[in-house]
Amino acid sequence: MRRISLMTLVSLAFVLLAVAAALSAPSTRSFESVDAAGSLNFVVDANKPTIQWKHYWKECVGSGHALLALREDYRAHLEMARRDLGVKFVRFHGIYDDDLSTLLSVDASGKQTYSFFNLDSIYDFLLSIGMKPYVELSFMPEALASNSTYVFHYKGNTSPPKDYEKWTDLVTAHIRHTIERYGIDEVRSWYFEVWNEPNLDFWTGTQADYFKLYSYTSRAIKQIDSRLRVGGPATAQSQWIPAFKSFVLANNLPLDFISTHEYPTDVQPLQRDIMKKVFTKAREEASPFPVIYSEYNSGLFYPGKHDDPYASAFVMYNVQEVQDIVEFMSYWTFSDIFEEGGFDSLPFHQGFGLMTIHQVPKPAYRAFEILHRTGRERMAVSGPDHPTVGTFAILNQEKKEVIIIAYNHNIPNNPIKTETVTITVSGLPLSANGYGTLERIDDTHCNAAAAWKAVGSPAYLDRELVHLLRRESELQQEKISYTRNSSAITFDSFYLPAQGVAAITLRF
Ligand SMILES: *[C@@H]1O[C@H](CO)[C@@H](O)[C@H](O)[C@H]1NC(C)=O
Ligand SMILES: *[C@@H]1O[C@H](CO)[C@@H](O)[C@H](O)[C@H]1NC(C)=O
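Here the structure is a predicted model, which means the values were calculated and not measured.

*Asks:* I would appreciate a short explanation of the side chain of Gln 359 in the present structure.
*Replies:* Within the fold, Gln 359 resides in the loop between strand 14 (328-331) and helix 10 (363-373). Excluding its chain neighbours within four sequence positions, the residues that come into contact with Gln 359 are Ala 76, His 77, Met 80 and Arg 470.

This is the structure:
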């Protein structure tokens, strides 16, 4: 495209955004109450018992392959996600890939020489920001590989080891080194997961070959220390769980958790509640072992929606829906610093990340940011059984705060429209009319991708445009009034656009 000056771009951005905001009423920037006629009424009842609200969604987050964790931008992005979203573990492929030199060389006698400097740098960094590795043991170093089969732009070798003892030597040396460096108590708090998606082309061996890999690896790990945590099979599409469990039990192998992956696009045709159905089945199959979903997000294969408010509504709907079914689930991924298909430089390219390559948070990032602020008690909420809109409320007793979250979500190509929502809260000690704080994520709130499109989708950004997009991505706080009668408070009604999220924070 023809080069236009920065100031032209920036002023154009403001003009277009103003026009967009004016045209797209009812979703205006400053809150105005709307006619309550036809509204969906939800009642949060503080007199009813609460249930525990575990922050299981932030236990772990996915990432581009290990090599990227040496980059300055990767580290800045992860540190921000740690701070804003509270994520604790991070999972990435490729700690044994040749690009990290973990297995540096093998001499003629077969002696293996290791180089842990790069991995140390990565783990040192994670611990320095209060995070931990969820260690995926992959892929095959060239020197141990039985074949030349690869996955991705960065060429992870997907073949079984030529010699399984040599593979366990590598795993053992690596883990012993981490214990020397970080201490046994620290490393016992990590997870060790054997390989990635062996049921797809990440593994050119058979299922029996993978089970053999699991058998060698899990025994080697427990030989180092019986309290190190090991699991698998890290399959795609929630597969192999019954066969894997039977194999482990029949061979009396160590197993601390069963891990697998699911994307809502794995099952066709799409179903809105597919994650809950699949998670429930996986838990039954895995019982009594805990289930970890070490990958998921709003979908692998539709025309991507990772940059869009769609992903935020998906997150809100699913996080409250699958509560307490699995141990935790790990959103794939925290950033678009990622190069499985090569490194994409387009500012918005529907990459999996919660933020863009320029560290611009996407709508799903803001959804997780709101969730991170919630307390630990889920309150009773009653309301219509609506096909797209739902509400949940979380109490924080210490802060004397309730966060009420409404979402309007459906899968693509299914009915959904802007709805009007009215929230009532009964049983809180509020003595007068007052207000809460409303934050929204939808087409015109926290939608930096739309702002980028409004300035002509430039392929490269300068600093000013990055700052403008970061500002566009921010949660805005609006006052929302409530009126009180003897038993309850009722907030002004608000519009909830398709694939939108609205959160009200109420202090009492
Ligand atoms: C080894 O790799 C080649 C491709 O490089 C492939 O055609 C062949 O099937 C592989 N063999 C095995 C046993 O995976
Ligand atoms: C108070 O407001 C709530 C919510 O609108 C309503 O259900 C309830 O009947 C009202 N109570 C009284 C005493 O008016």
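*Asks:* Looking at this model, I keep getting lost on the pairing of strand 4 (residues 89-92). Mind explaining?
*Replies:* Of the two faces of strand 4, the one carrying Phe 89 and Arg 91 and the one carrying Val 90 and Phe 92 are both buried. Where strand 3 (residues 60-62) and strand 4 come together, three bridges link them in parallel fashion. Residue pairing in the sheet places Gly 62 in a bridge with Arg 91 of strand 4. Regarding topology, helix 2 (residues 72-85) serves as the crossover connection from strand 3 to the parallel strand 4, and that connection is right-handed.

*Asks:* Even after reading the chapter, I still don't get the site of ligand 2, so can you show me in this structure?
*Replies:* Around ligand 2, a shell composed of Thr 424, Asn 485, Ser 486, Ser 487 and Thr 490 is seen. Side-chain polar atom of Asn 485 to an oxygen atom of ligand 2: 2.4 Å apart, as the coordinates give it. A distance of 3.5 Å separates an oxygen atom of ligand 2 from a polar atom in the side chain of Thr 490. Taken by itself ligand 2 offers 360 Å² of open surface, and the protein chains cover 38% of this. Within the shell around ligand 2, the residues separate by chemical class into no nonpolar, five polar and no charged.

*Asks:* It is not clear to me how the pattern of salt bridges should be interpreted in this structure. Could you clarify?
*Replies:* Here the idea is simple: oppositely charged side chains can pair when their charged atoms come close. Applying the stated criterion to the full structure yields 24 salt bridges. Arg 366 is paired through a salt bridge with Glu 369; the nearest N and O atoms lie 2.5 Å apart. Taken together, the residues span about one helical turn, with Arg 366 and Glu 369 both in helix 10 at a distance of three residues. In this structure Arg 366 comes out as buried when scored by relative accessible area, which is 7%. The salt bridge partner of Arg 440 is Glu 478, with a shortest N-O separation of 3.3 Å.

*Asks:* Is there a simple way to think about the site of ligand 1 in this case?
*Replies:* Taken together, Asn 147, Ser 148 and Thr 149 are the residues near ligand 1. One of the side-chain nitrogen or oxygen atoms of Asn 147 is found 2.5 Å away from an oxygen atom of ligand 1. Between ligand 1 and Ser 148 there is a distance of 3.4 Å, counted from an oxygen atom to a backbone nitrogen or oxygen.

*Asks:* Looking at this structure, I do not really get the side chain of Lys 132. What am I missing?
*Replies:* Assignment of secondary structure puts Lys 132 in strand 7 (residues 132-137). The buried category is assigned to Lys 132, whose relative accessible area is 16%. One polar contact links Lys 132 to Glu 186, side chain to side chain, over a distance of 3.0 Å. The contact partners of Lys 132, leaving out residues within four places of it in the chain, are Lys 88, Phe 89, Val 90, Leu 126, Leu 127, Glu 186, Ser 189 and Trp 190.

*Asks:* In this structure, what is going on with the packing of aromatic side chains? I would like to understand it.
*Replies:* Aromatic ring pairs: the centre-centre distance and the angle between the two ring planes describe each pair. Enumeration according to the criterion identifies 40 aromatic pairs in this entry. When the ring of Phe 211 is compared with that of Phe 244, the centres are 6.0 Å apart and the planes differ by 55°; the resulting orientation is tilted. Within this pair, whereas Phe 211 is found in helix 6 (residues 207-224), its partner Phe 244 is found in helix 7 (residues 241-250), the two being separated by 33 residues in sequence. By relative accessible area, Phe 211 is classed as buried at 6%.

*Asks:* Looking at this structure, I do not really get helix 12 (residues 463-473). What am I missing?
*Replies:* Inspection of helix 12 places Leu 465, Val 466, Leu 468, Leu 469, Glu 472 and Ser 473 among the buried residues, and these make up the whole buried set. Seen end-on, helix 12 carries its buried residues on one side only, within an arc spanning 160°.

*Asks:* What am I meant to see in the confidence of the model for the protein chain here?
*Replies:* Within the protein chain, residue pLDDT values average 94, and 93% of them lie at 70 or more. Residue range residues 12-29 is modelled with pLDDT below 50. Its contacts to residues more than four positions away, or to other chains, number 19 contacts.

*Asks:* Whenever I open this one, the sheet that holds strand 4 confuses me. Can you help?
*Replies:* The pairing of strands in a sheet comes from backbone hydrogen bonds and takes either a parallel or an antiparallel form. In space, the eight strands of this closed barrel follow the order 3-4-7-10-11-12-13-14, with parallel pairing throughout. Along the sheet, successive strands turn relative to each other by an average axial angle of 25°, direction set aside. Across three bridges, the pairing between strand 10 (residues 191-194) and strand 11 (residues 229-235) is parallel. From the neighbouring strand, Tyr 191 faces strand 11, where its bridge partner is Arg 229.

*Asks:* Is there a simple way to think about the packing of helix 2 against helix 10 in this case?
*Replies:* Two elements in contact, helix 2 and helix 10, have axes separated by 8 Å at closest approach and are oriented at 45°. Here helix 2 lies oblique to helix 10, going by the angle between them. Counted together, Met 80, Ala 81, Arg 83, Asp 84 and Leu 85 of helix 2 and Tyr 365, Phe 368, Glu 369 and His 372 of helix 10 form the full contact between these two elements. A breakdown of the residues in the contact of helix 2 with helix 10 according to their chemical character gives five nonpolar, one polar and three charged.

*Asks:* Help me understand the nonpolar core in this model?
*Replies:* Tyr 123, Leu 137, Trp 195, Tyr 210, Phe 368 and Leu 371 are the most contacted members of the largest nonpolar core, which totals 113 residues. Of the residues that make up this core, three or more belong to each of domain 1 (31-52 + 376-507) and domain 2 (56-373). For Leu 137, the contacting residues outside a window of four places in its chain are Ile 95, Tyr 96, Trp 167, Val 171, His 174, Phe 192, Glu 193, Val 194, Trp 195, Thr 217 and Ile 221. In terms of nonpolar packing, the next biggest core, distinct from the first, is built from 25 residues, Val 402, Leu 428, Leu 438 and Phe 491 among them.

What counts as what
Residues numbered from 1 in each chain as written. Chains lettered and ligands numbered in written order. Predicted model: local features only at pLDDT ≥ 70, side-chain atom pairs only at ≥ 80, totals over all residues. Heavy atoms only, no water. Helix = DSSP H or I, 4+ residues; strand = E, 2+ residues; numbered from the N terminus. Contact = heavy atoms within 4.5 Å. Buried < 20%, exposed > 50% of the residue type's maximum accessible area, 1.4 Å probe, protein only. Pairing = 2+ DSSP bridges. Right-handed = clockwise from strand over helix to strand, strands pointing away. Near = heavy atom within 4 Å. Polar contact = N/O pair within 3.5 Å; in protein donor to acceptor, adjacent residues only side chain to side chain. Areas by Shrake-Rupley, 256 points an atom, 1.4 Å probe, with all protein chains shown as cover. Nonpolar A, V, L, I, M, F, W, Y, C, P; charged D, E, K, R; others polar. Salt bridge = Lys/Arg side-chain N within 4 Å of Asp/Glu carboxyl O. Phe/Tyr/Trp six-rings, centres within 6.5 Å; stacked < 30°, edge-to-face > 60°. Arc of directions from axis to C-beta. pLDDT = per-residue confidence, 0-100. Axes fitted to C-alpha atoms, helices over the stretch in contact; angles between N-to-C directions. Parallel < 35°, antiparallel > 145°, perpendicular 65-115°, else oblique. Core = buried A, V, L, I, M, F, W, Y, C linked by side-chain atoms within 4.5 Å. Domains from an automatic or database assignment.

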